[in-house]
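# Structural overview for review
Here is what each chain is made of, one letter per residue.
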Amino acid sequence: MEEISYLYEEDIEASSRKEKQRRRHAEYEKKRKRAELHLERRRLREMLDMDDLEFSW
């Protein structure tokens, strides 16, 4: 009986680790996309030579 309980706890821990990893990856992707957008906007401003250019997207 203890062995089943131990295996169940391991399964819960593994599931918890996967969920934590999934959340970290989602947060990383969110930050990466935001940084990419920031750089793209900066490049556009430089190409158009318009420092005061505002984006609505």
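Residues numbered from 1 in each chain as written. Predicted model: local features only at pLDDT ≥ 70, side-chain atom pairs only at ≥ 80, totals over all residues. Heavy atoms only, no water.

## A word on the overall build of the chain
Helix and strand content of the chain: one helix and zero strands. Taken over the C-alpha trace, the chain has a radius of gyration of 22 Å; the compact-globule value for 57 residues is 10 Å, which it surpasses by more than 25%. Oriented by its inertia axes, the alpha-carbon framework of the chain measures out at about 70 × 15 × 10 Å. When the accessible area of the chain is evaluated, it comes to approximately 6000 Å², of which 51% is carbon and sulfur surface. Placing the 15 positive and 16 negative side-chain charges of the chain at their respective mean positions leaves the two points 3 Å apart. (Helix = DSSP H or I, 4+ residues; strand = E, 2+ residues; numbered from the N terminus. Rg over C-alpha atoms; globule rule 2.2 N^0.38 Å. Areas by Shrake-Rupley, 256 points an atom, 1.4 Å probe, with all protein chains shown as cover. Lys, Arg positive; Asp, Glu negative; His and termini not counted. Charge placed at Lys NZ, Arg CZ, Asp CG, Glu CD.)

## Some remarks on the pattern of salt bridges
For the structure shown, the criterion picks out four salt bridges. Two residues, E19 and R22, come together in a salt bridge whose shortest N-O distance is 2.7 Å. In this pair, E19 and R22 are both assigned in helix α1 (residues 2-48), three residues apart and thus about one turn of the helix distant. The partly exposed category is assigned to R22, whose relative accessible area is 47%. Between E36 and R32 there is a salt bridge, with the nearest N and O atoms lying 3.2 Å from each other. One end of the pair is E36 and the other is R32, both in helix α1 and four residues apart, which spans about a single turn. Owing to a relative accessible area of 46%, E36 belongs among the partly exposed residues under this scheme. If you follow the salt bridges from partner to partner, you end up with E19, R22 and R23 in one network. (Salt bridge = Lys/Arg side-chain N within 4 Å of Asp/Glu carboxyl O. Buried < 20%, exposed > 50% of the residue type's maximum accessible area, 1.4 Å probe, protein only.)

## Here's the deal with a negative patch on the surface
Side chains of E46, D49, D51, D52 and E54 sit close together on the surface and give a patch of like negative charge. Tracing the sequence through the fold places D52 in the segment after α1. You can call D52 exposed: its relative accessible area is 62%. (Patch = residues over 30% accessible without salt bridge, like charges linked within 9 Å, V, L, I, M, F, W, Y side chains within 5 Å.)

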